[in-house]
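Residue-level listing of the chains:
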Amino acid sequence: MNGKSVLKCVLFDWDGTLLDSFEADAQAYIHMFAALGMKWSIAELKRHYSPNWHHVYRAARLPRAKWEDADRLWMKFYRTHQPELQPGARRVLSALERRFILALVSSGSRARVRRQLREHEVAAMFRTKVCSEDAPRRKPHPAPLRLALDRLRLSPEVCVYIGDAPEDIQMAHRAGMRAVGVLGGSPVPERLRAASPDATIETIRELPVLLRNF
């Protein structure tokens, strides 16, 4: 034995990790900023990208009074896209569902994330789902993960969080949980590595093999 607790639960981020969404996210940001009379490039977005979109607004120096309009415009432009699951994601979830409890902890809005889960027919695979409105603080604060653990009645030692952003890794570690970084779908792979995940994989398809000896 290596002293690690036996893994019981795998918790996932949604955007970028299971959903191939960065292109849709990015285009919605670019069009939203343009509609507000601001220039913002993909390169700038990648430099300042965060699951907490308020960090992006601050980096762009968007006045606080315009945040509500920005949220509305982002959703308007995002709706013109229909991002697909990451290649192999459904098979990964099906394989892991036989061995572990699965849960979702996302920074996305409840209405959008739950709609996408239904559209991709994966909603029933997750024992619980935590979205941006559910917890009092956002990533990288551990509150969203702690809420999921409370609902599941599990300790962090028997869980692992899977994400594609440094905030995902920081949130997991602050909650006392191991974390795996998925580099392939991440807009910020260098920052993701720098957050010191317990393991990294290039694509979500590698996850079942990794977790056999995790």
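Coordinates for the structure precede this section.
Residues numbered from 1 in each chain as written. Predicted model: local features only at pLDDT ≥ 70, side-chain atom pairs only at ≥ 80, totals over all residues. Heavy atoms only, no water.

### Here's the deal with helix H5 (residues 89-97)
Stage number 1. Listed as buried for H5 are Ala89, Val92, Leu93 and Leu96. Along the long axis of H5, the arc covered by the buried residues comes to 95 degrees, so they all point the same way.
Stage number 2. Against the buried residues of H5 lie strand E1 (9-12), strand E2 (101-105) and helix H10 (207-211). (Buried < 20%, exposed > 50% of the residue type's maximum accessible area, 1.4 Å probe, protein only. Helix = DSSP H or I, 4+ residues; strand = E, 2+ residues; numbered from the N terminus. Arc of directions from axis to C-beta. Contact = heavy atoms within 4.5 Å.)

### A short note on helix H8 (residues 166-174)
Stage number 1. Within the sequence span of H8, burial applies to Pro166, Glu167, Asp168, Ile169, Met171 and Ala172.
Stage number 2. Where H8 is buried, its residues contact E2, helix H7 (143-152), strand E4 (159-163), strand E5 (178-182) and helix H9 (189-194).
Stage number 3. At the exit of H8 stands Gly176, carrying a positive phi of roughly 80 degrees.

### Topic: the side chain of Asp25
Stage number 1. Mapping Asp25 onto the fold places it in helix H1 (residues 22-35).
Stage number 2. Buried within the structure, Asp25 lacks any salt-bridge partner; Arg112 is the closest side chain of opposite charge, at an N-O distance of 5.5 Å.
Stage number 3. Discounting chain neighbours no more than four positions away, the residues touching Asp25 are Asp15, Tyr49, Trp74 and Tyr78. (Lys, Arg positive; Asp, Glu negative; His and termini not counted. Salt bridge = Lys/Arg side-chain N within 4 Å of Asp/Glu carboxyl O.)

### A few points about empty space enclosed by the protein
Stage number 1. Under the definition given, this model contains one cavity of 30 Å³ or more.
Stage number 2. As for the largest cavity, its lining consists of Val105, Ser106, Ser107, Val130, Cys131, Ser132, Ala135, Arg137, Arg138, Lys139 and Pro144.
Stage number 3. The residue makeup of the lining of the largest cavity, split by class, is five nonpolar, three polar and three charged. (1 Å grid on protein atoms, 1.4 Å probe; cavity = no way out; pocket = protein on both sides within 12 Å on 5 of 7 lines; lining within 4 Å. Points joined across faces, edges and corners; volume = space filled by probe spheres on them. Nonpolar A, V, L, I, M, F, W, Y, C, P; charged D, E, K, R; others polar.)

### Details of the pairing of E2
Stage number 1. E2 sits mainly inside the fold: five of its five residues count as buried.
Stage number 2. Of the two faces of E2, the one carrying Ile101, Ala103 and Val105 and the one carrying Leu102 and Leu104 are both buried.
Stage number 3. Of the pairings in the sheet, the one linking E1 to E2 comprises four bridges and is parallel in character. Bridge assignment links Cys9 to a residue of E2, and that residue is Ile101.
Stage number 4. Pairing of E2 with strand E3 (residues 128-130) involves three bridges; the strand directions are parallel. In the strand pairing of E3, Ala103 is matched with Thr128. (Pairing = 2+ DSSP bridges.)

### Looking at the sheet that holds strand E6 (residues 199-201)
Either a parallel or an antiparallel arrangement is found when strands of a sheet pair, and the pairing is made through backbone hydrogen bonds.
Stage number 1. With parallel pairing, six strands are arranged side by side in an open sheet as E3-E2-E1-E4-E5-E6. Here the strands that pair on one side only, and so sit at the sheet edges, are E3 and E6. Taking each pair of neighbouring strands and ignoring which way they run, the sheet shows an average axis angle of 25 degrees. (Axes fitted to C-alpha atoms, helices over the stretch in contact; angles between N-to-C directions.)

### Details of the packing of H1 against helix H4 (residues 67-78)
Stage number 1. Where H1 contacts H4, the two axes come as close as 8 Å, and the packing angle between them is 130 degrees. Taken together, H1 and H4 sit at an angle that is classed as oblique. For the crossing formed where H1 meets H4, the hand is right-handed. Judged by residue contacts, Ala24, Asp25, Ala28, Tyr29, His31, Met32 and Ala35 of H1 engage Ala70, Leu73, Trp74, Phe77 and Tyr78 from H4.
Stage number 2. Classifying every residue of the contact of H1 with H4 gives 10 nonpolar, one polar and one charged. (Parallel < 35°, antiparallel > 145°, perpendicular 65-115°, else oblique. Left-handed = near helix turned anticlockwise from the far one by under 90°.)

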